[in-house]
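# Close look at the chain arrangement
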Amino acid sequence: MLVYFQFILRVFHSSTKTLLFICAEYQPSSILKEPIKKPENQGLHYPEDKDIEAQTDLQSKLQQFQFTIFKPVEEGIYHVLAHERLNIVDLSDKGRQPFALVEDPKIVFMQNGETYNYWDLIDQLKGKYRLQSHSDSEIAGVLYKEHGPHEFWKHMDGMGATVLYDGNTKRYYAGRDHIGIISMYYGLKNGTLFISSELKAIHDQVDTLAQFPPGHYITNEHEFIKWYNPQWHDIEHIPTGELDYAEIRQKFINVVRREIKGDAPFGLFISGGVDSSIVAGIVAKLIKNGEIDIQSRGMKKVHSFCIGLEGSPDLHYAKIVAEYLGFEHHSYTYTVEEGLDYIPEVIYHTETFNNTTIRASTPLYQMCRRIKAMGIKVCLTGEGSDEMFGGYLYFHKAPNPKELHQETVRKLQDLYKYDLLRACKSCLAFGIEVRPPFLNRDWIEYVQQIDPKYKMTNFFEKPIEKYILRKAFDTPEDPFVPSAILWRQKEQFSDGVGYNWKDGLIKKVNEEISDEQFEQAAVRFPVNPPRDKEQYWYRSLFESYFPSEQAVLTVPYARSIACSTEKALEWDEAFKKNVDESGRAVIAIHQVQVKEEFKLEQVEETLIEQTHFLL
């Protein structure tokens, strides 16, 4: 039992919000001593006092955490649930997890994430179930009781990693949200199942290890069952839905309205690109209309954030957006040297060595370190839009609507390995939860039923990616964002923070890794050997923290150009020869558009202060 408690302690030292579940088998022995006594007001749940045994010398250390230990009827079988809370909805101690269902205390559960339809569900179930808190996570147990183990996942609209143990049936269920917004890993060793929000909690305790598949749950038999199976998952199905700009606009406004709810202060990540700017514009209107009461959340102003090298594109355009909307904007800068110094930390927290993920995570990680001091725990972002609308620059080369649509499906299904991993882990390292409205389940299904011909960059007179999203929010009579921002071309985050960032990385790795070292890459790293010196450096750092082969296999290894999937390399012969994950790999597309559409003077002309946006 001792080793598993050490494990719980370690996981909580690694981030501010996480969960850990262990279904473990032990041989009865003298290491099991007296039952732990209940510490008062520690948020600990003990469904059956007589069944709880553990090392008493760990009691004082464990009191700072929330955990539950079960010993079912079978001799030597334990289930351990542990959770570290961020406090976003219901800030009182009543919201501490794991929860025991009030109506049936043998059902114990925990969740890392947010359930956005919590308020609707409370209205529907009012009077039928009692709740001990106002936490949105507590609704998971109620839904399990109402709909059963196989259906309750479908009734939670949000993001999350959820674990539930039913002491009545001696069965557990652990599952992940529809798209993988919240990170989740699982591992096995000698019949013991380990599940954690973080790789670092279990990587050296298991024989097999992998990322938990989104839209699935696992049972006692270690069987994965797919609970999320929408039509868009069928890659051969090509949708034929027609365009309705007003409907697109209203549906997305409704998504943001729902996902901004909560009790804690919130902020906005604004890169100056169209996606995050539209989210920010909607939030500004909701506040102006009185639909969001920021004062009740301890806020006087809405704070927005951006980071980049001095003079970077993102810093310039983000400031324009924030001033237009009347936000309290914070432009953070960093130097290439500072970014390089942070990379070991970034790799430890993001638990990856993928090139673009590390490039983009490093500035985000630095920004979140600064935001933490302001007490902001929730930030909205524009993640996911590029994947569903075909927003990356390489989509200009899509040969036809069918292949474009199939690429959006592949991108969405792989998102948890890349951008969602970056956003979740870089921010939660400092206790900041990122909410991406574009990845709302209903919204994805709506966008993915639109005929992909409308997503082709050459379908409309203006040849630009994400045309239909831009057009839906092009409302000159009551604008959401400045027109020049709305029609600004895509910049990958790792490029938008400043083009010198990538150049500085390449210079650093050429100094760190000799040609002779790189020639031996396949010898040193026989599993998925690095393809370039940058990845060699990241991989070296990664393996200093996570040395097992199983840990390496949790990181994606596919080739890419400008964030494409490997399949999209077939679209252009030049793609096959120039496999660069930076957006500059398709620089010709970028340069032409910038010259024609996005001159700095045009942007500055749009900066006319709108009094209806001053909050």
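Along each chain, the written sequence defines residue order, and numbers are assigned to residues from 1. Owing to the predicted nature of the model, reporting of local features is limited to residues with pLDDT of at least 70; listing and counting of side-chain atom pairs is limited to 80 or more, with chain, interface and lining totals taken over all residues. For side-chain calculations, the full set of non-hydrogen atoms in the structure is used, while hydrogens and water are omitted.

So, on to the overall build of the chain. Numbering of helices and strands starts at the N terminus; helices are DSSP runs of H or I of at least 4 residues and strands are runs of E of at least 2. When its secondary structure is counted, the chain shows 24 helices and 17 strands. Scored against the burial criterion, the 615 residues of the chain give a buried share of 62%. Note on areas: these come from Shrake-Rupley sampling with a 1.4 Å probe, and a residue is covered only by the protein chains present in the view. When the accessible area of the chain is evaluated, it comes to approximately 23700 Å², of which 47% is carbon and sulfur surface. Think of it in three bands: residues with accessible area under 20% of the maximum for their type are buried, residues over 50% are exposed, and the middle band is partly exposed, with areas taken using a 1.4 Å probe on protein chains only.

One side-chain nitrogen of Lys or Arg within 4 Å of one carboxyl oxygen of Asp or Glu is enough to make a salt bridge. Evaluated as defined, the whole model comprises 30 salt bridges. Here D104 ties to K145 by a salt bridge, and the two come within 3.2 Å at their closest N and O atoms. On the criterion of sequence distance, the pair formed by D104 in strand β5 (residues 104-115) and K145 in helix α4 (residues 139-147) is long-range, its members being 41 residues apart. Residues R359 and E534 are paired through a salt bridge, measuring 2.7 Å at the closest nitrogen-oxygen approach. With R359 in helix α9 (residues 355-372) and E534 in helix α20 (residues 533-545), this residue pair connects regions lying 175 residues apart in the sequence. Of the two residues examined, R359 and E534, each falls in the buried class. Through salt bridges with shared partners, a single ionic network connects E198, K200, E351 and K425.

Looking now at the side chain of T554. Position of T554 among the secondary structure elements: in the loop between α21 (549-552) and α22 (573-577). T554 has contacts with Y185, L199, L209, A210 and Q211, leaving out every residue within four places of it along the chain. Any two residues having at least one pair of non-hydrogen atoms within 4.5 Å are treated as being in contact.

The geometry of an aromatic ring pair comes down to the distance between the two centres and the angle between the two planes. When two rings of Phe, Tyr or Trp (its six-membered ring) have centres within 6.5 Å they constitute a pair, described as stacked for plane angles under 30 degrees, edge-to-face for angles over 60, and tilted for the intermediate range. Under the definition given, this model contains 37 aromatic pairs. Between F99 and F109 the ring centres are 5.7 Å apart and the planes differ by 35 degrees, which places this aromatic pair in the tilted class. Placement of the pair is F99 in strand β4 (residues 99-101) and F109 in strand β5, with a sequence separation of ten residues. Residue classification places F109 among the buried positions, given a relative accessible area of 1%. Here the aromatic rings of Y348 and Y545 are separated by 5.2 Å at their centres, their planes lie at 65 degrees, and the arrangement is edge-to-face. Of this pair, Y348 sits in helix α8 (residues 336-350) while Y545 sits in helix α20, and the two are 197 residues apart along the sequence. Its relative accessible area of 28% is what places Y348 among the partly exposed residues. Exposure remark for Y545: the relative accessible area of 28% places this residue in the partly exposed category. By the ring-pair criterion, three or more aromatic residues cluster together here, those being F252, F389, F438, W443, Y446, F473 and F480. Only lysine NZ and arginine CZ atoms are considered, and such an atom sits over a ring when it is within 6 Å of the ring centre and within 35 degrees of the ring normal. Over the ring of F480 we find K285, and its NZ or CZ is 4.8 Å from the ring centre.

When two helices pack together, you describe them by how their axes are tilted relative to each other and by the distance separating the axes. Where helices are involved, their axes are fitted lines through C-alpha atoms of the stretch in contact, as for all axes, and angles between N-to-C directions lie from 0 to 180°. One way to put it is that α9 packs onto helix α12 (residues 419-428) with a least axis distance of 9 Å and a crossing angle of 30 degrees. Judged by the inter-axis angle, α9 sits roughly parallel to α12. Crossing of α9 against α12: the hand is right-handed. Between α9 and α12, the residues in contact are T357, A360, S361, L364, Y365 and C368 and L421, R422, A423, S426 and C427, respectively. Here the contact of α9 with α12 is built from residues that sort into seven nonpolar, three polar and one charged. Here is the rule for angles: anything less than 35 degrees is roughly parallel, anything more than 145 is roughly antiparallel, 65 through 115 is roughly perpendicular, and the remaining ranges are oblique. Rotating anticlockwise by less than a right angle from the far helix to the near helix defines a left-handed crossing, while the corresponding clockwise rotation defines a right-handed one. Throughout this entry, Asp, Glu, Lys and Arg are counted as charged residues, while Ala, Val, Leu, Ile, Met, Phe, Trp, Tyr, Cys and Pro are counted as nonpolar. The remaining residues, Gly among them, count as polar.

In this model, the chain carries a mean pLDDT of 82, and residues with pLDDT of at least 70 account for 77%. Values of pLDDT, the confidence the predictor places in each residue, fall between 0 and 100. Below a pLDDT of 50 lies the segment residues 1-17, which in the model reaches 66 contacts outside its immediate sequence neighbourhood of four places, other chains included. Long-range and interchain partners of residues 24-65, a stretch whose pLDDT sits below 50, account for 83 contacts in this model, where long-range means more than four residues apart.

All right, on to the nonpolar core then. Residue types Ala, Val, Leu, Ile, Met, Phe, Trp, Tyr and Cys, when buried and joined through side-chain atoms within 4.5 Å, form a set referred to as a nonpolar core. Among the nonpolar cores identified, the biggest contains 102 residues, and F252, F266, W443 and F473 are the most heavily contacted of them. The element that contributes the greatest number of residues to this core is helix α6 (residues 274-288), accounting for nine residues. Leave out the neighbours within four places in its chain, and F252 touches I278, V279, I282, P437, F438, W443 and F473. The next biggest cluster of nonpolar side chains, apart from the first, holds 49 residues, and it includes L309, M367, V434 and F546.

Positive phi, close to 50 degrees, is recorded for N190, a residue that is not glycine. You can see N190 is positioned in the loop between β8 (185-189) and β9 (192-196). Of note in this structure, C563 is not a glycine but carries a positive phi near 75 degrees. With respect to the element layout, C563 can be found in the loop between α21 and α22. Among the residues examined, C563 registers a relative accessible area of 13% and is labelled buried.

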